[in-house]
Structure formats: C-alpha cells, structure tokens
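So you can see what is in the structure, the chains are spelled out below.
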Amino acid sequence: MRRKLAAGNWKMNGLKASLAELTALAAAPAPSQTDRLICPPLTLVAQAAGVSGGIAIGGQDCHTATSGAHTGDVSAEMLADAGATSVIVGHSERREDHGETDALVRTKAEAIWAAGLTSIICLGESLAQREAGETLDVIGTQLEGSTPDAATGANTVIAYEPIWAIGTGLIPTLEQIAEVHDFIRAKLVARFGEDGNAIRILYGGSVKPSNATEIFAVSNVDGALVGGASLKATDFQAIIDALDAA
Ligand code: PGA
C-alpha cells in the first residue's frame, strides 16, 4: 500500500555540470513501484526541476517563515516556487552544524506543509548513544518532538539515519535496522492510527548498490535517503532498481 521512495541528498555538492547526472537518471524508464526524488543544492533546484522529467526535486532545509528579514535563508514557499515538492528537515548535519532542535524541526515541517510540500523528517542516534543502549529512546524522543500532530502519508516521510553510518561506509546490522524501523512504525501507528501506516520510513546512511538489496528486504524499510551514492547516476539508478525489485 505504500509506494517506495528513492531519495537522493546531494548535500553541498553539485555545480551546473552535475545536472547531467540528473538528466541521465531522467532518461531511464520510470520504475513501477518507486517514486524518485533528488535534493540538489539550493542553487540548482530551479534548473533541476526543469530537466528532471519524472524525478521529483526537493530542498535540503528551509526557514520556518514564509518571507522576511532572514539573510541567507530560504522559505518553503520559495522552494515550491522553484519547483520543489519535498524538503528534508532535521538532517543530523543541520542538527549538528546549526544546533537545530526537535522543536525547530517540527515548526519547519509545518512550514513545509503550509507551502503544500512534503516534509522528510530525519532522525538518528550517535555512536555513543547506540553503544550506551539508548537508540530507541533517542529515536522515540526525536520522532515525537520533530513530527507535527497533523502528519499523514501524503505530507510526511520519516528517514532513519544513524549518524555513525552517514558517509562512513558502516551500516547497522539488518536486525538493528529492522528493530528501529519496526519501532518507528509502531510509534506512528500509536499516534496517528491508519495515517501512521501510510507514512513512509526510509533508511539512510552508506546505502550503496552493493548493500541496497539486503537493506530493502528489511521490514518497514520503504526506501532510502542516499547521500554519496546519489551523486552518480549509475550508482543511484542501481539503488532505484534494487528498491523497485524488492
Ligand atoms: P550517505 O549520506 O549515503 O553519504 O551516507 C546519507 C545522508 O546523510 O542522507
């Protein structure tokens, strides 16, 4: 009942020439069960939206306000105007580099909805938290605090991204991924009822063509949020194909 989602997060990577990767992806046949999304840097959002064909385009962050005196920031309405349909919020790099809290992430998610876009809300534990046995506590607290009350399958995607797995080549065991995804699903259903079953839960952190198939076989993994391996069309296409076949 949930469509799958392959989401690429280019982070602070990509110049105009990188749009060739997007046009290469757009030239591939559309997968039957999988939605595709690329979140390029802000400078490329509008151009990306013009060449992406069936691939949706997203932002990587936004301000809580619609407009105003916030030098250097961008609003969800501006991202929508540029052609974005989703925005990542609460990525661990934003939480770490910019001190973003669960409360701020929640407010941003509501601003994204107000602009008619989908929020991709990121959660994840640090290595110290995992080693201390705190993973489910941390994820539960972030999920509760970062997700607004009106979340539905249409306006919200959750991304579980263990911080220690991002960009490191390390991934949790498949049992560990299943434990967290099942936990998130149970929490969503307890809070949102049937809507909680419709919200997609992505895994993120060192997803590559070589590990995609085994990760996508895990229960309650509805897709992936992919960093490094989304920068090359051939790698990201292999991940899309693995997801669509799962
Ligand atoms: P990675 O990043 O795939 O490069 O580990 C994932 C992410 O941070 O979204």
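Quick caveat: nothing in here was measured; it's all calculated off a predicted structure. (Residues numbered from 1 in each chain as written. Predicted model: local features only at pLDDT ≥ 70, side-chain atom pairs only at ≥ 80, totals over all residues. Heavy atoms only, no water.)

Trainee: Please clarify how the sheet that holds strand β8 (residues 223–226) should be interpreted in this entry.
Mentor: Strand pairing in a sheet relies on backbone hydrogen bonds. The paired strands run either parallel or antiparallel. As summarised here, the arrangement of the eight strands in space is β1-β2-β3-β4-β5-β6-β7-β8, forming a closed barrel in which the pairing is parallel. Neighbour-to-neighbour, the strand axes of the sheet open up by a mean angle of 25°, direction not taken into account. Summarising the sheet, strand β1 (residues 4–9) and β8 pair through four bridges and their orientation is parallel. Considered in β8, the bridge of Ala-7 is made with Leu-225. Those strands touched by helix α8 (residues 174–192) are β5 (118–123), β6 (156–160) and β7 (200–204), and its axis lies near 155° from that of β7. (Pairing = 2+ DSSP bridges. Helix = DSSP H or I, 4+ residues; strand = E, 2+ residues; numbered from the N terminus. Axes fitted to C-alpha atoms, helices over the stretch in contact; angles between N-to-C directions. Contact = heavy atoms within 4.5 Å.)

Trainee: Sorry if this is basic, but what is going on with the environment of Ile-38 here?
Mentor: With respect to the element layout, Ile-38 can be found in strand β2 (residues 34–39). For Ile-38, a relative accessible area of 0% gives the class buried. Sequence separation between Ile-38 and Leu-22 is 16 residues, and the spatial gap between their C-alpha atoms is 8.1 Å. Setting aside chain neighbours within four positions, we find Ile-38 in contact with Gly-8, Trp-10, Leu-22, Leu-25, Ile-55, Ala-56, Ile-57, Gly-58, Ser-230 and Phe-236. (Buried < 20%, exposed > 50% of the residue type's maximum accessible area, 1.4 Å probe, protein only.)

Trainee: What's the story with the pairing of strand β3 (residues 56–59) in this structure? I'm lost.
Mentor: In regular strands, side chains alternate between the two faces of the sheet. For β2 and β3, the ladder comprises two bridges, and the chain directions are parallel. Bridge pairing in β3 links Leu-37 to Ala-56. Taken together, β2, helix α2 (residues 45–51) and β3 constitute a β-α-β crossover, and its handedness is right-handed. In this sheet, strand β4 (residues 86–89) lies alongside β3 in parallel orientation, the contact comprising two bridges. By the bridge assignment, Gly-59 is partnered in β4 with Val-87. Considered for its hand, the β-α-β crossover made up of β3, helix α3 (residues 76–82) and β4 is right-handed. (Right-handed = clockwise from strand over helix to strand, strands pointing away.)

Trainee: Explanation requested: the pattern of salt bridges in the structure shown.
Mentor: For side chains bearing opposite charge, pairing can occur when the charged atoms are close. Taken as a whole and judged by the stated rule, the model has 14 salt bridges. A salt bridge links Arg-3 to Asp-35, with the shortest nitrogen-to-oxygen separation between them at 2.8 Å. You can see Arg-3 sitting in the segment before β1 and its partner Asp-35 sitting in strand β2, a full 32 residues away along the chain. According to the relative accessible area criterion, Asp-35 is partly exposed, its value standing at 24%. Note that Asp-222 and Arg-185 form a salt bridge whose closest N and O atoms lie 3.0 Å from each other. With Asp-222 in the loop between α10 (209–216) and β8 and Arg-185 in helix α8, this residue pair connects regions lying 37 residues apart in the sequence. Accessibility classification places Asp-222 together with Arg-185 in one group, the buried group. When salt bridges with common partners are traced through the structure, they connect Asp-61, Arg-94, Glu-100 and Lys-108 into a single cluster. (Salt bridge = Lys/Arg side-chain N within 4 Å of Asp/Glu carboxyl O.)

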